[in-house]
Amino acid sequence: ILCKGQEHFRLWDLPGAGTPKFPLNSYLRVMGIKYFDLVVVIAAGRFTETDLTLMQEMDRNGVPFFAVRTKIDIEIENAEWDMGLSEEETKQVVRDDLRANTGLPDNRIFLVSAREPEKHALPRLKREMNEILQRGLENKVNRALNRKLSVRRYFNTLVNNDEFVHADA
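Residues numbered from 1 in each chain as written. Predicted model: local features only at pLDDT ≥ 70, side-chain atom pairs only at ≥ 80, totals over all residues. Heavy atoms only, no water.

1. With respect to the pattern of salt bridges
Move 1: Tallied over the full model, the rule gives nine salt bridges.
Move 2: For Arg-60, the salt bridge goes to Glu-57, with nearest N and O atoms at 2.7 Å. Taken together, the residues Arg-60 and Glu-57, both in helix H2 (residues 49-60) and three residues apart, mark about one turn of the helix.
Move 3: The class for Arg-60 is exposed, based on a relative accessible area of 61%.
Move 4: Taking the relative accessible area as the measure of exposure, Glu-57 reaches 28% and is therefore partly exposed.
Move 5: We note a salt bridge from Asp-96 to Arg-99, for which the minimum N-O separation is 3.1 Å. Note that Asp-96 and Arg-99 are positioned in helix H4 (residues 87-102) at a spacing of three residues, about one turn of the helix. (Salt bridge = Lys/Arg side-chain N within 4 Å of Asp/Glu carboxyl O. Helix = DSSP H or I, 4+ residues; strand = E, 2+ residues; numbered from the N terminus. Buried < 20%, exposed > 50% of the residue type's maximum accessible area, 1.4 Å probe, protein only.)

Printed below as a string of structure tokens:
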């Protein structure tokens, strides 16, 4: 993913939650997810109860996240073969299911295929990730600058600049 200032971004592939080594009840805390700028939850099939619980917790903690359903090309082929559904009908069924189970709006749900990356929602996912990461970086810079200005104002109220003698003076 190409981002302006990409040296400020790191992508992490975290282990799955809900295993003996990474129990769900401590996963967000142990992984430090509430400090992430963006989380992408990816599943090749239906999202599990663990995935949905993590999404609810991220939502509660204000962590931006996307739900990505991979292998949509296989789902399209299967639905056409088994039920005679068109590509768009299949995508709509999958989107409706994701929306119902995750509570996410369509703009945070992405149906992708590694076999046909440009055909489905991968380009939109890249754009959305870039926008959120850029916004997150800008917010962090603004907060840092505001903190610096607040500290400077506070310092100036404590010290009368006319009476303050610098150590190097």
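2. As for the packing of aromatic side chains
Move 1: As enumerated under the stated definition, the model contains one aromatic pair in all.
Move 2: When the ring centre of Phe-65 is taken as origin, the NZ or CZ atom of Arg-108, which lies over that ring, is 4.6 Å away. (Phe/Tyr/Trp six-rings, centres within 6.5 Å; stacked < 30°, edge-to-face > 60°. Lys NZ or Arg CZ within 6 Å of the ring centre and 35° of its normal.)

3. Considerations on the nonpolar core
Move 1: By size, the foremost hydrophobic cluster in this structure holds 23 residues, and its most contacted members are Tyr-27, Ile-33, Val-39, Phe-47, Met-55 and Met-58.
Move 2: At the level of secondary structure, the elements contributing two or more residues to this core comprise helix H1 (24-31), strand E1 (39-43), H2, strand E2 (65-69), helix H3 (72-83), H4 and strand E3 (109-111).
Move 3: Ranked by residues supplied to this core, first place goes to H2 with four residues.
Move 4: If we skip the residues at most four places from it in the chain, Tyr-27 touches Leu-14, Pro-15, Gly-16, Ala-17, Phe-22, Ile-33 and Leu-54. (Core = buried A, V, L, I, M, F, W, Y, C linked by side-chain atoms within 4.5 Å. Contact = heavy atoms within 4.5 Å.)

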